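# Structural features, examined
Now for the letters of each chain:
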Amino acid sequence: MSDEDANPGAVPTLDQARRQIARYGLDADPQAVLVAVRLMAAGVRLDRASEVHFSRFGLSTGRYRLLVDLEDGDGEKSPSRLAKSLGVSRATVTGLVDGLEREGLVIRRASTEDGRGAVVVLTAHGAQRLRDMAADHFARLQALVGGLTASERGLFLDLLERITQGIGALTAE
């Protein structure tokens, strides 16, 4: 049981958002602030749970995402394309590939298109790891959203897309 589960009062409330906004003399919508704060808190909890989940299979979330991206990309991609599709730096991809390569889940080889470049290739062992974990992984994903109806899931996807478009507000200069 996590700290949040043991202490449901740790979840911010609308009254807390109102008080904090008033304390700073701001003109902000308390409900909008509360939605954002709870979304951020849920993201942290989901990140932690994802790492626990993928560790069952000897992976991290990043390593899993890289393997799936390779599988979806017909088994091979350049490190720069992996970085772009995963939304991470080349250095992050290098670290992920190093670990996956040590386990024999991927290999690096020279690109057939550009002999100077390299590609990362999903090995048969890597593809088997994804197959071996698929049933449990997808059952757990389904259970994660099991409390939502099909209609609610559709609405959630729409809302999540709109929220995702606003993420830049946190990083804008």
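Residues numbered from 1 in each chain as written. Predicted model: local features only at pLDDT ≥ 70, side-chain atom pairs only at ≥ 80, totals over all residues. Heavy atoms only, no water.

The subject of this paragraph is the overall build of the chain. Of the regular secondary structure elements, the chain holds nine helices and three strands. Walking the chain from its N terminus toward its C terminus, one meets helices and strands in the order α-α-α-α-β-α-α-β-β-α-α-α. Against the 2.2 N^0.38 benchmark of 16 Å for 173 residues, the chain shows a C-alpha radius of gyration of 20 Å, more extended than a compact globule. Dimensions of the chain, computed from the C-alpha atoms along their principal axes, are close to 60 × 40 × 30 Å. Classification of the 173 residues of the chain by burial places 24% in the buried group. In the chain, 47% of the contacts between residues at least 6 apart in sequence involve partners at least 24 apart. Just so you have it, the chain exposes about 11,800 Å², and 56% of that area is on carbon and sulfur atoms. Positive and negative side-chain charges of the chain, numbering 22 and 24 respectively, have mean locations separated by a distance of 2 Å. (Helix = DSSP H or I, 4+ residues; strand = E, 2+ residues; numbered from the N terminus. Rg over C-alpha atoms; globule rule 2.2 N^0.38 Å. Buried < 20%, exposed > 50% of the residue type's maximum accessible area, 1.4 Å probe, protein only. Contact = heavy atoms within 4.5 Å. Areas by Shrake-Rupley, 256 points an atom, 1.4 Å probe, with all protein chains shown as cover. Lys, Arg positive; Asp, Glu negative; His and termini not counted. Charge placed at Lys NZ, Arg CZ, Asp CG, Glu CD.)

With that settled, the discussion passes to the confidence of the model for the chain. Looking at the chain as a whole, its pLDDT mean stands at 93, while 95% of the residues score no less than 70. Note on residues 1-5: pLDDT is under 50 here. Beyond four places in sequence and across chains, it has five contacts. (pLDDT = per-residue confidence, 0-100.)

This brings us to the side chain of Ser60. Relative to the helices and strands, Ser60 resides in the loop between α3 (30-55) and α4 (61-72). Polar contacts involving the side chain of Ser60 include one to the main-chain amide nitrogen of Arg63, which spans 3.1 Å. Contact partners of Ser60, with chain neighbours within four places excluded, come to Glu51, Phe54 and Leu96. (Polar contact = N/O pair within 3.5 Å; in protein donor to acceptor, adjacent residues only side chain to side chain.)

Counted according to the given criterion, the structure contains nine salt bridges. Here Glu103 and Arg63 are joined by a salt bridge, their closest N and O atoms 2.5 Å apart. Of this pair, Glu103 sits in the loop between α6 (90-102) and β2 (106-110) while Arg63 sits in helix α4, and the two are 40 residues apart along the sequence. Accessibility expressed as a relative area gives 32% for Glu103, which makes it partly exposed. When salt bridges with common partners are traced through the structure, they connect Arg63, Glu103 and Arg129 into a single cluster. (Salt bridge = Lys/Arg side-chain N within 4 Å of Asp/Glu carboxyl O.)

Let us look at unusual backbone geometry. Phi angles above zero are rare outside glycine, and Asp74 is one such case at about 60 degrees. Relative to the helices and strands, Asp74 is located in the loop between α4 and β1 (76-77).

The geometry of helix α2 (residues 14-23) relative to α3 is characterised by a closest axis approach of 9 Å and an angle of 115 degrees between their N-to-C directions. Here α2 runs over α3; the crossing is right-handed. Counting all contacts with α2, which are made through Leu14, Ala17, Arg18 and Ile21, the residues of α3 involved are Pro30, Gln31, Val33 and Leu34. (Axes fitted to C-alpha atoms, helices over the stretch in contact; angles between N-to-C directions. Left-handed = near helix turned anticlockwise from the far one by under 90°.)

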